[in-house]
Every structure is written in C-alpha cells, then in structure tokens.
Amino acid sequence: MNYQPRHFQDLPEPESIDRSLSPLMFPADLHAVEIAGGVYWIGAGSSAGWVVTSEGVVLIDSGMGRREVFEELERTAGDAPIRYMVYTHGHEDHILLEDRFAQVAPGAQVIAHGFVPERLRKYEELRPHINRINSVQFHLPMPVSERAYKYPDILYWDSYSFELGGRKFELFHGRGETDDATVVYLPDDGVVFAGDFLISALPNLGNPYKVPRYCRGWIETLERILALNPAAVAPGHGVGLLRGEQEIQAGVGDTVRALRFLHDEVVRRLNEGQQLEQMVAEVRLPPELEESPHLRQTYSRVEFAVMAIHRSYTGWFDSDPSDLLPLPRRAIAHELRTLIGDDKAIISRAEALWSEGRRQEAIELVQIILRDVPDHVEARQTRLRWMETLLQDDRCVMSRGAWHSFADQDRAFLAENV
Ligand SMILES: [Zn+2]
C-alpha cells in the first residue's frame, strides 16, 4: 500500500486545550505505552488508544485531539492510515471535530453506539448552556461557540465485531457515565479499552451540572470486563493503566464494590423513607474503599454520587411543601433578612459557624444576605475569603469548579465596587 506521508508535528492545537488547567491533565511529556504488540495507549487528560495492523490503524478515542497524541501515533504507526476510529462515547473530549478529523484521519470510518448522534445533536441544541457549564465545571475561559462534530459512520446497538489486518475487535455497549458508551476488547491480546467506565479515580457518577449517570449499568459493564479476564485495562482518563490480574481485580474490583455499596445504601434508605439530605450527610464508603488508590475523590465525590443515584430513582421534589412550587429564593431571603434586621449579626454568626468548621451552615447564612442584596460588599468579602479557603482545601475538580466561579465573581465585583 502507498501511504501519503503525514506531518502531524505541524498540526495546530485544537482550540479546546487550555494547558494552565492542570499539569496532571496536560503533562508536558506525553508518551504512548505499548500494551501488547502494536497496541498503544496514551494516558493523560482524556486518553487515546490505537492498534497498528498490516492494513492500517484503528484509533480509539481522540485524546482531546491533541497534537502530541497524533505525533505519538505517527511515531509508532509510521504512515499507516487510520482506517477506523471508535468513539467510546460522545463526550467532546473523546471525539473529533470535523476539521480535525479531516486533518488526522481522512477517509476513516467512525464506529459508535447508536445513541452518539443524539448526544451530538443535543450539544448543538444546547451550545450556549453547555459552554457555560463546562467553563464553570473546569474553570476554563468560555469555549468557542460553534463546533462541527465528526458524526459516526457506522452505528451499532448491543455489540459489534470487525477485523482489520487479521486482528479482531469486539465492541459492546454499556451505560455508565453516558448512555452511549462502548467498551473495546481485543480478544487476541486480552486488552480492554474501558472508556470512562474507568477514570483512575472515583467514577463521576454524580456531576452537579449534568444529568445523573447510570450506576447499575456501570456495575454490570465493569463486571463484564472482569469476566473477560483481561491482561490489561486502559482507562478513559488518568494514567492508571491496569495490568495483570491483581491490579485489575484491585482497580476494577474496587470500583465495582464502591458503586454497588453506594447504590445499595441509597436504595435501602430510599425504601425506608429517608430524605436525600440525610443520605448526603451520612453515606460514606467503608474505610477499605475510602482508602483505595483507585477511588480517590479527585474528580467527583461520594456526596454527588449519592445525589445522582437518588435522582435516578426519584423525582426532584424533596417533600418540603415550600419546594413544590418554589418562588425565586430571593423572595424568602428578603423576608428572613428583614425579620432579622441586622446584617452584621448574620455575618458574625456565619463567621462563628465557619470557624467551628460548620462551613455549609455559614455559607447558607451569608447567602440569605446575598440572595436578597447581591451587591452587599461585606457579605461578598466574607464569601470570597471562604471560597479561597475551600480552594486550598478541596481537591475535587467538580466542587472546585463551583468555588472558583463564585470566587471569580466576588473578586470581579469587589475590584469594581470597593
Ligand atoms: Zn471522558
């Protein structure tokens, strides 16, 4: 076969990359690992994998379309063309935009689960909203607003197999972080590309900004991966490539045990008639899982998982009569603040609670003022100080995004008004 020479080192960076985000997500030095003969994986931020065969390359996810990913692909695959690309799901950091696709994989066919096109259409419809929440969630500048996605060419529902250059690829569907997820299994090498069913941390089951994910499907899919008895399992994020039975049993097994524990705990409490707040306050992982290196709460956290499992089985109503047909919260904050009649007393009580470690109550009190009077300078100063403390203490990306956004707003307000 005659291949067109490529020069991936000349590719421009995609606009979505912000290197200041985190050195862990964007290490300076990205290197592909050869998991088995011709099977490569590059872990960091969003990962990518590829298999080099005698008839071309199968690419699995995009690694955010980063130039270094494709430089590594070129280093390991030479001029062999990409013949197929598999999207493990439709999240933007795993797929490619049309122009990027034309640069790196012209003529390739994209294979994905049948729900992926619906997800991409949803992103197009909700573009301003999605841009806003992603910029808060990851503390990034507002992303570019228009995006043309490379839609899949081949859709499947339950499972899909194909061969290239004598190598077998077995794909199957599962629901976990998304409803459109695909696991890629290479039976000849015993390698699994797990997509976001594994992220080298506690799964992002509950995301404060997005729809609840699928706890039960997540467990079932990870169990299906374990039953394959694989030699290696590559995660969708992070650098935690799992190799060998012991590591896989620990990494995948701990994730299954944690998800099952959280699921069963929420279901038990729900059946007992317990309210969500009590579950959020009380449900914690057992110590052996809490300490597992595979379940660090650096991306999401147990509280958010509890909320997501609860939400997946219930409506939004919390059984408090004032929440069935809620008013803007500003209205009741105004009543409370007028009744109390002393903002200084509110702030000083809030400060006392904060220094006792009762941070959530402290924030609630100051929010009574700020819901009613968003321009209250002293309350803004207090909140900014607390947000900065939370940002020092909290290592979880999903909650840090919220603290950052309030800190940014308060800082900008105070710079203009004080
Ligand atoms: Zn992802």
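These numbers come from a predicted model, not from an experiment.

Asker: I keep staring at the side chain of E72 and nothing clicks. Help me out?
Answerer: Along the chain, E72 falls in helix α1 (residues 67–77). A relative accessible area of 7% means that E72 is categorised as buried. There is a polar contact of 2.9 Å between the side chain of E72 and the side chain of R75. Once residues lying within four places of it in the same chain are set aside, the contact partners of E72 are L30, H31, A32, I42 and W50.

Asker: Would you mind going over the pattern of salt bridges with me for this structure?
Answerer: Pairing is possible between side chains of opposite charge, provided their charged atoms come close. One pass over the structure, following the stated rule, counts 31 salt bridges. Among the ionic pairs, E177 bridges to R213, the shortest N-O distance being 3.9 Å. Highlighted residues: E177 in the loop between β9 (167–174) and β10 (181–186) and R213 in the loop between β11 (191–193) and α5 (215–227), separated in sequence by 36 residues. We note that E177, like R213, is buried. A salt bridge links D254 to R257, with the shortest nitrogen-to-oxygen separation between them at 2.8 Å.

Asker: Even after reading the chapter, I still don't get the sheet that holds strand β4 (residues 56–60), so can you show me in this structure?
Answerer: Pairing between the strands of a sheet is mediated by backbone hydrogen bonds and can be parallel or antiparallel. If you trace the seven strands from one edge of the open sheet to the other, you get β1-β2-β3-β4-β5-β6-β7, paired in mixed fashion. Strands with a single pairing partner mark the edges of an open sheet, and in this sheet they are β1 (33–36) and β7 (154–156). Between one strand and the next, the sheet's axes are offset by a mean angle of 20°, whatever the strand orientation. Pairing between strand β2 (residues 39–42) and strand β3 (residues 48–53): four bridges, direction antiparallel. The partner of Y40 across the bridge, within β3, is W50. The strands touched by α1 within the sheet are β2, β3, β4 and β5 (82–86), with β3 carrying the most contacts at an inclination of about 20°.

Asker: So what exactly am I meant to see when it comes to the nonpolar core here?
Answerer: One broad rule of soluble globular proteins: the nonpolar side chains tend to lie buried together. With 36 residues, the main nonpolar core has L205, L222, I225, V233, V252, L262 and V306 as its most contacted residues. Put simply, the parts of the chain that give this core at least two residues each are β10, α5, α6 (244–271), α7 (276–282) and α9 (302–313). When residues of this core are assigned to their parent elements, the largest contribution, seven residues, is made by α6. For V233, the contacting residues outside a window of four places in its chain are V192, A194, L198, I225, G240, L241, L242 and I248. V69, I82, M85 and V104 belong to the second-largest nonpolar core, a separate cluster that totals 30 residues.

Asker: What exactly am I supposed to notice about the coordination of the zinc ion here?
Answerer: At 1.9 to 2.1 Å from the zinc ion lie its protein donor atoms, namely H94 (NE2), D196 (OD) and H237 (NE2). Written as a sequence motif, the donor residues of the zinc ion are H-x101-D-x40-H. Placement of the pair is H94 in the loop between β5 and α2 (98–104) and H237 in the loop between β12 (232–234) and β13 (242–243), with a sequence separation of 143 residues. Each member of the pair, H94 as well as H237, carries the same accessibility label: buried.

Asker: Please clarify how the side chain of R269 should be interpreted in this entry.
Answerer: Here R269 is to be found in helix α6. On the accessibility criterion, R269 (8% relative accessible area) is buried. Engagement of the side chain of R269 in a polar contact is seen with the side chain of Q274, the distance being 2.9 Å. In this structure, R269 is in contact with Q274, Q278, M279, E282 and V283, ignoring residues within four places of it in sequence.

Asker: Can you help me understand the sheet that holds β10 in this one?
Answerer: Ordered in space as β8-β9-β10-β11-β12-β13, the six strands form an open sheet in which the pairing is mixed. Sheet topology places β8 (159–164) and β13 at the edges, where each strand pairs with a single neighbour. Those strands touched by α5 are β9, β10, β11 and β12, and its axis lies near 155° from that of β9.

Asker: Please clarify how empty space enclosed by the protein should be interpreted in this entry.
Answerer: The gaps of empty space that remain are located by a probe, the size of a water molecule, rolled over the atoms. What the rule picks out here adds up to two cavities of 30 Å³ or more. What the largest cavity holds in volume is close to 60 Å³. What lines the largest cavity is a set of 13 residues, and nearest its centre among them are S47, D61, F193, G195 and P235. Both domains that furnish three or more residues to the lining of the largest cavity are identified here as domain 1 (1–175) and domain 2 (194–326).

Asker: How should I be thinking about the domain arrangement of the chain in this particular structure?
Answerer: Interface size is commonly expressed as the accessible surface area that is lost when the partners come together. Each domain of the chain was delimited in the assignment, giving domain 1 (1–175), domain 2 (194–326) and domain 3 (327–417). Listed by partner, the interface residues are 23 residues for domain 1 and 25 residues for domain 2. Both sides of the domain 1 and domain 2 interface together cover about 1900 Å² of buried area, and 60% of this is carbon and sulfur. Of all residues in domain 1, W41, F172 and R175 give up the largest surface area on contact with domain 2, accounting jointly for 35% of the area buried on that side. Applying the counting rule to domain 1 against domain 2 returns zero salt bridges. Remark: the boundary between domain 1 and domain 2 carries 10 residue pairs in polar contact (both at pLDDT 80 or more). Among the secondary structure elements, those contributing two or more residues to the side of domain 1 that touches domain 2 are β1, α4 (127–137) and β9. Looking at the side of domain 1 that touches domain 2 element by element, the count peaks at four residues for α4. Residues that form the side of domain 1 that touches domain 2 fall into these classes: eight nonpolar, 12 polar and three charged.

About the thresholds
Residues numbered from 1 in each chain as written. Predicted model: local features only at pLDDT ≥ 70, side-chain atom pairs only at ≥ 80, totals over all residues. Heavy atoms only, no water. Helix = DSSP H or I, 4+ residues; strand = E, 2+ residues; numbered from the N terminus. Buried < 20%, exposed > 50% of the residue type's maximum accessible area, 1.4 Å probe, protein only. Polar contact = N/O pair within 3.5 Å; in protein donor to acceptor, adjacent residues only side chain to side chain. Contact = heavy atoms within 4.5 Å. Salt bridge = Lys/Arg side-chain N within 4 Å of Asp/Glu carboxyl O. Pairing = 2+ DSSP bridges. Axes fitted to C-alpha atoms, helices over the stretch in contact; angles between N-to-C directions. Core = buried A, V, L, I, M, F, W, Y, C linked by side-chain atoms within 4.5 Å. Donors = N, O, S within 2.8 Å, 3.2 Å for Na, K, Ca; no water. 1 Å grid on protein atoms, 1.4 Å probe; cavity = no way out; pocket = protein on both sides within 12 Å on 5 of 7 lines; lining within 4 Å. Points joined across faces, edges and corners; volume = space filled by probe spheres on them. Domains from an automatic or database assignment. Buried area = accessible area lost by both parts, 1.4 Å probe. Nonpolar A, V, L, I, M, F, W, Y, C, P; charged D, E, K, R; others polar.

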